[in-house]
Amino acid sequence: MRRDRKRVLVTGGAGFIGTHLCETLLARNCHVLCVDNFFTGSRENIAHLLNDPFFELLRHDITFPLYVEVDEIYNLACPASPVHYQFDPVQTTKTSVIGAINMLGLAKRLRVPILQASTSEVYGDPTVHPQPEDYRGNVNMIGPRACYDEGKRCAETLFFDYHRQHKVPIKVVRIFNTYGPRMHPNDGRVVSNFIMQALRGEPITLYGDGGQSRAFCYVDDLVEGMVGFMETASAGTGPMNLGNPGEFTIRHLAEEVLRLTGSASRIEFRDLPADDPRQRQPDITKARAALGWEPRIPLEAGLIRTIEDFRRRYFETGRAARFAA
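Anyway, here's the lowdown on the structure attached to this text. The shown structure was predicted, so the numbers you read here are calculated from the model rather than taken from an experiment.

1. Here's the deal with helix H7 (residues 250-261)
When the terminal C-alpha atoms of H7 are compared, their 17 Å separation across twelve residues agrees well with the 16 Å that a helix rising 1.5 Å per residue should span. Within H7 the residues assigned to the buried category are Ile250, Leu253, Ala254, Glu256, Val257, Leu258 and Thr261.

2. Brief notes about the pattern of salt bridges
Using the criterion set out here, one finds 22 salt bridges in the structure. Note that arginine 182 and glutamate 23 form a salt bridge whose closest N and O atoms lie 2.6 Å from each other. Placement of arginine 182 in the loop between strand S7 (178-179) and helix H5 (190-200) and of glutamate 23 in helix H1 (residues 16-27) is noted, with a sequence separation of 159 residues between them. Between aspartate 209 and arginine 278 there is a salt bridge; the shortest N-O distance is 3.8 Å. Within this pair, whereas aspartate 209 is found in the loop between strand S8 (204-207) and strand S9 (213-214), its partner arginine 278 is found in the loop between strand S13 (267-270) and helix H8 (285-291), the two being separated by 69 residues in sequence.

3. With respect to the packing of aromatic side chains
One pass over the structure, following the stated rule, counts five aromatic pairs. Judged by centre distance (5.9 Å) and plane angle (20°), the ring pair of tyrosine 123 and tyrosine 135 falls under stacked. In this pair, tyrosine 123 sits in the loop between strand S5 (114-119) and helix H4 (146-166) while tyrosine 135 sits in the loop between S5 and H4, placing the two residues twelve residues apart along the sequence. The same class applies to tyrosine 123 as to tyrosine 135, namely buried. On the basis of an interplanar angle of 70° and a centroid distance of 5.6 Å, the ring pair of tyrosine 179 and tyrosine 218 is categorised as edge-to-face. Highlighted residues: tyrosine 179 in strand S7 and tyrosine 218 in strand S10 (residues 217-218), separated in sequence by 39 residues. For the pair tyrosine 179 and tyrosine 218, a shared accessibility class is recorded, and that class is buried. It is arginine 5 that lies over the ring of phenylalanine 54; its NZ or CZ is 3.5 Å from the centre. Between arginine 313 and the ring centre of phenylalanine 310, over which it is positioned, the NZ or CZ distance is 5.2 Å.

4. Description of unusual backbone geometry
Geometrically, the link from histidine 129 to proline 130 is a cis peptide bond, its omega value of -10° lying close to zero. Looking at the secondary structure, you find proline 130 in the loop between S5 and H4. Across the junction of glycine 238 and proline 239, the peptide omega takes the value 5°, indicating a cis bond. The phi torsion at phenylalanine 38 lies on the positive side, around 65°, for a residue other than glycine. Tracing the backbone shows phenylalanine 38 in the loop between strand S2 (31-36) and strand S3 (55-59). Unlike most non-glycine residues, arginine 182 shows phi in positive territory, near 80°. We classify arginine 182 as buried; its relative accessible area is 16%.

5. Thoughts on the nonpolar core
By size, the foremost hydrophobic cluster in this structure holds 60 residues, and its most contacted members are Tyr74 and Met226. Setting aside its immediate chain neighbours within four residues, tyrosine 74 contacts Val8, Leu9, Val10, Thr11, Leu21, Leu25, Leu115, Met226, Val227 and Met230. Counting 26 residues, the second largest nonpolar core, distinct from the first, contains Val35, Met103, Ala155 and Val172.

6. Here's the deal with the environment of cysteine 22
Relative to the helices and strands, cysteine 22 is located in helix H1. On the basis of relative accessibility, which here comes to 0%, the residue cysteine 22 falls in the buried class. Linking cysteine 22 and valine 223, residues 201 residues apart in sequence, is a C-alpha distance of 9.6 Å. Sequence-distant contacts of cysteine 22, defined by excluding residues within four places in its chain, comprise Val10, Gly13, Val32, Cys34, Leu49 and Phe55.

7. A look at the pairing of S5
Burial within S5 is extensive, with six of its six residues counted as buried. Of the two faces of S5, the one holding Ile114, Gln116 and Ser118 and the one holding Leu115, Ala117 and Thr119 are both buried throughout. The sheet contact formed by strand S4 (residues 72-75) and S5 spans three bridges and is parallel. Within the sheet, the bridge partner assigned to tyrosine 74 lies in S5 and is leucine 115.

8. Overview of the sheet that holds S3
Within the open sheet, the seven strands sit side by side as S3-S2-S1-S4-S5-S6-S11. Their pairing is parallel. On the outer flanks of this sheet lie S3 and strand S11 (240-242), each paired with one strand and no other. The mean angle between the axes of side-by-side strands here comes to 20°, regardless of whether they run parallel or antiparallel. Sheet strands in contact with H1 are strand S1 (7-11), S2, S3, S4 and strand S6 (170-175), and its direction is about 170° off that of S1. The strands touched by helix H3 (residues 89-110) within the sheet are S1, S4, S5 and S6, with S4 carrying the most contacts at an inclination of about 170°.

Parameters and conventions
- Residues numbered from 1 in each chain as written.
- Predicted model: local features only at pLDDT ≥ 70, side-chain atom pairs only at ≥ 80, totals over all residues.
- Heavy atoms only, no water.
- Helix = DSSP H or I, 4+ residues; strand = E, 2+ residues; numbered from the N terminus.
- Expected span 1.5 Å × (residues − 1).
- Buried < 20%, exposed > 50% of the residue type's maximum accessible area, 1.4 Å probe, protein only.
- Salt bridge = Lys/Arg side-chain N within 4 Å of Asp/Glu carboxyl O.
- Phe/Tyr/Trp six-rings, centres within 6.5 Å; stacked < 30°, edge-to-face > 60°.
- Lys NZ or Arg CZ within 6 Å of the ring centre and 35° of its normal.
- Core = buried A, V, L, I, M, F, W, Y, C linked by side-chain atoms within 4.5 Å.
- Contact = heavy atoms within 4.5 Å.
- Pairing = 2+ DSSP bridges.
- Axes fitted to C-alpha atoms, helices over the stretch in contact; angles between N-to-C directions.

Rendered as C-alpha coordinates:
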(Lines give C-alpha, C1' and ligand atoms only; values in the text may rest on other atoms or scores of the structure.)
Protein backbone atom coordinates (compact mmCIF):
# COMPACT_ATOMS: atom_id res chain seq x y z
CA MET A 1 0.00 0.00 0.00
CA ARG A 2 1.37 3.40 -0.99
CA ARG A 3 1.86 6.00 1.73
CA ASP A 4 2.35 9.70 1.08
CA ARG A 5 4.54 10.14 4.14
CA LYS A 6 7.45 8.07 5.38
CA ARG A 7 6.66 6.58 8.80
CA VAL A 8 9.63 6.99 11.16
CA LEU A 9 10.03 5.43 14.60
CA VAL A 10 12.11 7.41 17.11
CA THR A 11 12.85 5.54 20.34
CA GLY A 12 13.76 7.86 23.18
CA GLY A 13 11.78 10.46 21.25
CA ALA A 14 10.71 12.42 24.33
CA GLY A 15 14.30 12.95 25.43
CA PHE A 16 16.50 15.97 24.85
CA ILE A 17 17.90 14.99 21.44
CA GLY A 18 14.89 12.88 20.52
CA THR A 19 12.45 15.78 20.66
CA HIS A 20 14.58 17.88 18.32
CA LEU A 21 14.85 14.91 15.96
CA CYS A 22 11.05 14.44 16.00
CA GLU A 23 10.58 18.13 15.13
CA THR A 24 13.03 17.90 12.24
CA LEU A 25 11.40 14.77 10.83
CA LEU A 26 7.94 16.34 11.02
CA ALA A 27 9.28 19.39 9.19
CA ARG A 28 10.49 17.00 6.48
CA ASN A 29 6.92 15.67 6.03
CA CYS A 30 7.46 12.40 7.89
CA HIS A 31 4.87 10.62 10.03
CA VAL A 32 6.66 10.27 13.38
CA LEU A 33 6.02 7.57 15.99
CA CYS A 34 7.71 8.69 19.23
CA VAL A 35 8.38 5.87 21.70
CA ASP A 36 9.61 6.57 25.23
CA ASN A 37 9.28 5.05 28.70
CA PHE A 38 9.72 8.51 30.30
CA PHE A 39 12.56 7.47 32.61
CA THR A 40 14.56 10.51 31.50
CA GLY A 41 12.34 11.80 28.70
CA SER A 42 9.49 14.20 29.42
CA ARG A 43 5.99 14.58 28.05
CA GLU A 44 6.54 18.31 28.42
CA ASN A 45 9.31 18.10 25.81
CA ILE A 46 6.88 16.93 23.14
CA ALA A 47 3.71 18.68 24.37
CA HIS A 48 3.87 21.14 21.47
CA LEU A 49 3.81 18.22 19.01
CA LEU A 50 0.83 16.31 20.39
CA ASN A 51 -1.74 18.11 18.24
CA ASP A 52 0.16 17.43 15.04
CA PRO A 53 -1.86 14.80 13.12
CA PHE A 54 1.38 13.20 11.89
CA PHE A 55 2.88 12.75 15.37
CA GLU A 56 2.09 9.75 17.57
CA LEU A 57 3.27 9.08 21.12
CA LEU A 58 3.60 5.59 22.59
CA ARG A 59 4.76 4.86 26.13
CA HIS A 60 6.92 1.77 25.87
CA ASP A 61 10.19 0.33 27.20
CA ILE A 62 12.29 -1.10 24.37
CA THR A 63 13.67 -3.86 26.58
CA PHE A 64 10.34 -5.44 25.60
CA PRO A 65 9.56 -6.22 21.95
CA LEU A 66 7.66 -3.66 19.91
CA TYR A 67 5.41 -4.54 16.99
CA VAL A 68 4.70 -1.59 14.72
CA GLU A 69 4.85 -0.86 10.99
CA VAL A 70 7.36 1.82 10.01
CA ASP A 71 9.73 2.67 7.17
CA GLU A 72 12.74 3.82 9.21
CA ILE A 73 14.02 3.58 12.80
CA TYR A 74 16.17 5.91 14.90
CA ASN A 75 17.22 4.19 18.13
CA LEU A 76 17.98 6.85 20.75
CA ALA A 77 16.51 5.13 23.80
CA CYS A 78 18.95 5.04 26.73
CA PRO A 79 19.79 7.30 29.67
CA ALA A 80 22.74 9.36 28.45
CA SER A 81 24.04 11.29 31.46
CA PRO A 82 26.07 9.79 34.34
CA VAL A 83 23.47 10.81 36.94
CA HIS A 84 20.74 8.96 35.09
CA TYR A 85 22.57 5.93 33.70
CA GLN A 86 24.29 5.19 37.04
CA PHE A 87 20.95 5.36 38.92
CA ASP A 88 20.10 1.85 37.65
CA PRO A 89 23.19 0.53 35.88
CA VAL A 90 21.72 -2.92 35.20
CA GLN A 91 18.69 -1.37 33.47
CA THR A 92 21.01 0.92 31.52
CA THR A 93 22.89 -2.08 30.15
CA LYS A 94 19.63 -3.85 29.38
CA THR A 95 18.34 -0.83 27.47
CA SER A 96 21.52 -0.64 25.38
CA VAL A 97 21.81 -4.36 24.67
CA ILE A 98 18.32 -5.92 24.84
CA GLY A 99 16.82 -2.73 23.42
CA ALA A 100 19.21 -2.93 20.46
CA ILE A 101 18.28 -6.58 19.89
CA ASN A 102 14.57 -5.72 19.90
CA MET A 103 14.93 -2.77 17.54
CA LEU A 104 17.23 -4.69 15.21
CA GLY A 105 14.73 -7.53 15.21
CA LEU A 106 12.02 -5.08 14.19
CA ALA A 107 14.21 -3.63 11.44
CA LYS A 108 15.02 -7.16 10.23
CA ARG A 109 11.33 -8.13 10.07
CA LEU A 110 10.33 -4.94 8.28
CA ARG A 111 13.49 -4.78 6.14
CA VAL A 112 13.96 -1.10 6.95
CA PRO A 113 17.05 1.00 7.79
CA ILE A 114 17.89 1.64 11.43
CA LEU A 115 20.21 4.25 12.95
CA GLN A 116 21.91 3.65 16.29
CA ALA A 117 22.69 6.64 18.48
CA SER A 118 26.01 5.51 19.91
CA THR A 119 28.35 7.73 21.89
CA SER A 120 31.85 9.11 22.19
CA GLU A 121 31.94 7.25 25.51
CA VAL A 122 32.92 4.15 23.52
CA TYR A 123 36.39 5.77 23.37
CA GLY A 124 36.60 5.93 27.18
CA ASP A 125 39.50 8.03 28.48
CA PRO A 126 41.24 8.29 25.10
CA THR A 127 44.94 7.89 24.48
CA VAL A 128 44.49 9.19 20.91
CA HIS A 129 43.50 12.81 20.32
CA PRO A 130 41.32 13.77 18.53
CA GLN A 131 39.42 10.50 18.29
CA PRO A 132 38.91 8.95 14.81
CA GLU A 133 36.36 6.19 14.27
CA ASP A 134 39.03 3.49 13.92
CA TYR A 135 40.34 4.18 17.46
CA ARG A 136 39.23 1.26 19.65
CA GLY A 137 39.12 3.15 22.90
CA ASN A 138 40.37 2.95 26.48
CA VAL A 139 37.37 1.90 28.57
CA ASN A 140 37.31 0.59 32.15
CA MET A 141 34.85 -2.29 31.74
CA ILE A 142 34.25 -2.65 35.50
CA GLY A 143 34.06 1.05 36.44
CA PRO A 144 30.96 3.07 37.38
CA ARG A 145 30.52 4.33 33.80
CA ALA A 146 30.83 0.88 32.22
CA CYS A 147 27.08 0.20 32.18
CA TYR A 148 26.76 2.94 29.57
CA ASP A 149 30.16 2.74 27.86
CA GLU A 150 30.18 -1.04 27.44
CA GLY A 151 26.44 -1.19 26.81
CA LYS A 152 26.87 1.12 23.83
CA ARG A 153 29.94 -0.79 22.62
CA CYS A 154 27.96 -4.04 22.72
CA ALA A 155 25.07 -2.36 20.88
CA GLU A 156 27.47 -1.38 18.09
CA THR A 157 28.64 -5.00 17.89
CA LEU A 158 25.04 -6.17 17.55
CA PHE A 159 24.31 -3.62 14.83
CA PHE A 160 27.24 -4.75 12.70
CA ASP A 161 26.51 -8.44 13.30
CA TYR A 162 22.88 -7.98 12.24
CA HIS A 163 24.16 -6.13 9.17
CA ARG A 164 26.63 -8.89 8.25
CA GLN A 165 24.44 -11.86 9.16
CA HIS A 166 20.94 -10.63 8.28
CA LYS A 167 21.69 -7.80 5.80
CA VAL A 168 19.89 -5.23 7.99
CA PRO A 169 20.63 -1.74 6.62
CA ILE A 170 22.29 0.09 9.51
CA LYS A 171 23.78 3.47 10.38
CA VAL A 172 25.84 4.02 13.55
CA VAL A 173 26.68 7.51 14.80
CA ARG A 174 28.92 8.30 17.74
CA ILE A 175 27.55 11.40 19.42
CA PHE A 176 29.92 13.76 21.22
CA ASN A 177 28.91 16.29 23.90
CA THR A 178 25.66 17.89 22.76
CA TYR A 179 23.76 20.73 24.39
CA GLY A 180 20.79 22.98 23.75
CA PRO A 181 17.19 23.72 24.76
CA ARG A 182 15.22 20.99 26.60
CA MET A 183 18.22 19.54 28.41
CA HIS A 184 17.18 18.14 31.79
CA PRO A 185 18.29 20.60 34.53
CA ASN A 186 19.60 17.83 36.79
CA ASP A 187 21.18 15.50 34.25
CA GLY A 188 24.66 16.02 35.68
CA ARG A 189 26.08 17.27 32.39
CA VAL A 190 28.45 20.14 32.56
CA VAL A 191 26.44 22.62 30.45
CA SER A 192 23.17 22.16 32.36
CA ASN A 193 25.02 22.09 35.71
CA PHE A 194 26.79 25.38 35.05
CA ILE A 195 23.69 27.16 33.72
CA MET A 196 21.49 26.12 36.65
CA GLN A 197 24.19 27.03 39.19
CA ALA A 198 24.81 30.39 37.55
CA LEU A 199 21.13 31.30 37.34
CA ARG A 200 20.65 30.35 41.00
CA GLY A 201 23.75 32.26 42.07
CA GLU A 202 25.32 29.08 43.44
CA PRO A 203 29.02 28.19 43.17
CA ILE A 204 30.06 26.80 39.77
CA THR A 205 31.53 23.37 40.53
CA LEU A 206 34.58 22.39 38.49
CA TYR A 207 35.96 18.89 38.88
CA GLY A 208 39.72 18.53 38.85
CA ASP A 209 41.55 21.68 37.80
CA GLY A 210 39.07 22.54 35.03
CA GLY A 211 41.74 21.88 32.41
CA GLN A 212 40.03 18.80 30.97
CA SER A 213 38.63 19.52 27.52
CA ARG A 214 35.38 18.82 25.69
CA ALA A 215 33.92 19.65 22.28
CA PHE A 216 30.37 21.03 22.54
CA CYS A 217 27.95 20.53 19.66
CA TYR A 218 24.64 22.41 19.46
CA VAL A 219 21.69 20.04 19.15
CA ASP A 220 20.42 21.42 15.81
CA ASP A 221 23.78 20.69 14.19
CA LEU A 222 23.78 17.16 15.57
CA VAL A 223 20.27 16.37 14.33
CA GLU A 224 21.12 17.72 10.88
CA GLY A 225 24.05 15.29 10.77
CA MET A 226 21.97 12.32 11.95
CA VAL A 227 19.22 12.87 9.37
CA GLY A 228 21.75 13.58 6.63
CA PHE A 229 23.57 10.33 7.39
CA MET A 230 20.36 8.31 7.40
CA GLU A 231 19.35 9.75 4.03
CA THR A 232 22.74 9.32 2.31
CA ALA A 233 23.09 5.75 1.10
CA SER A 234 26.59 6.35 -0.25
CA ALA A 235 27.82 7.33 3.23
CA GLY A 236 27.89 3.68 4.28
CA THR A 237 27.14 2.21 7.69
CA GLY A 238 29.53 4.11 9.93
CA PRO A 239 30.43 4.29 12.68
CA MET A 240 30.55 8.02 12.11
CA ASN A 241 31.57 10.68 14.63
CA LEU A 242 29.13 13.57 14.98
CA GLY A 243 30.27 16.42 17.17
CA ASN A 244 31.87 19.83 17.12
CA PRO A 245 35.66 19.62 16.64
CA GLY A 246 36.16 22.94 18.44
CA GLU A 247 37.84 22.06 21.76
CA PHE A 248 37.29 24.04 24.98
CA THR A 249 38.42 23.52 28.54
CA ILE A 250 35.74 23.05 31.18
CA ARG A 251 37.03 26.17 32.91
CA HIS A 252 36.51 28.19 29.72
CA LEU A 253 32.92 26.89 29.54
CA ALA A 254 32.31 27.95 33.15
CA GLU A 255 33.64 31.43 32.46
CA GLU A 256 31.47 31.76 29.34
CA VAL A 257 28.34 30.72 31.25
CA LEU A 258 29.12 33.24 33.99
CA ARG A 259 29.64 36.00 31.42
CA LEU A 260 26.50 35.23 29.41
CA THR A 261 24.22 34.87 32.44
CA GLY A 262 25.69 37.90 34.24
CA SER A 263 25.94 35.72 37.34
CA ALA A 264 28.07 36.61 40.35
CA SER A 265 28.65 32.94 41.18
CA ARG A 266 32.18 31.93 42.13
CA ILE A 267 34.06 28.92 40.78
CA GLU A 268 34.57 26.06 43.24
CA PHE A 269 36.93 23.12 42.59
CA ARG A 270 36.18 19.50 43.54
CA ASP A 271 37.81 16.08 43.07
CA LEU A 272 37.61 14.55 39.59
CA PRO A 273 35.07 11.65 39.36
CA ALA A 274 36.28 8.12 38.58
CA ASP A 275 37.01 7.40 34.90
CA ASP A 276 36.20 10.95 33.81
CA PRO A 277 38.07 11.45 30.50
CA ARG A 278 40.67 14.22 30.36
CA GLN A 279 40.17 14.96 26.67
CA ARG A 280 37.32 14.46 24.24
CA GLN A 281 37.35 15.83 20.70
CA PRO A 282 35.90 14.25 17.54
CA ASP A 283 37.74 13.73 14.31
CA ILE A 284 34.89 14.47 11.85
CA THR A 285 36.84 13.82 8.64
CA LYS A 286 34.37 11.08 7.64
CA ALA A 287 31.28 13.24 8.20
CA ARG A 288 32.81 16.11 6.23
CA ALA A 289 33.71 13.86 3.30
CA ALA A 290 30.56 11.72 3.18
CA LEU A 291 27.90 14.28 4.13
CA GLY A 292 29.50 17.68 3.67
CA TRP A 293 28.49 18.10 7.32
CA GLU A 294 30.03 20.72 9.56
CA PRO A 295 28.67 22.17 12.83
CA ARG A 296 27.58 25.77 12.22
CA ILE A 297 26.45 27.10 15.62
CA PRO A 298 29.37 28.60 17.61
CA LEU A 299 29.55 27.97 21.34
CA GLU A 300 28.52 31.49 22.37
CA ALA A 301 25.41 31.51 20.15
CA GLY A 302 24.38 28.04 21.33
CA LEU A 303 24.89 28.91 24.99
CA ILE A 304 22.77 32.07 24.63
CA ARG A 305 19.86 30.01 23.23
CA THR A 306 20.27 27.35 25.91
CA ILE A 307 20.46 29.87 28.77
CA GLU A 308 17.31 31.60 27.49
CA ASP A 309 15.50 28.25 27.45
CA PHE A 310 16.61 27.39 31.02
CA ARG A 311 15.69 30.85 32.26
CA ARG A 312 12.22 30.63 30.71
CA ARG A 313 11.47 27.06 31.82
CA TYR A 314 12.82 27.08 35.36
CA PHE A 315 13.07 30.65 36.57
CA GLU A 316 10.44 32.80 34.87
CA THR A 317 7.89 30.07 35.66
CA GLY A 318 9.05 29.74 39.28
CA ARG A 319 9.84 26.02 38.94
CA ALA A 320 13.57 26.14 39.67
CA ALA A 321 13.11 25.02 43.29
CA ARG A 322 11.60 21.78 42.05
CA PHE A 323 14.97 20.89 40.54
CA ALA A 324 17.14 21.93 43.48
CA ALA A 325 20.21 19.78 43.83
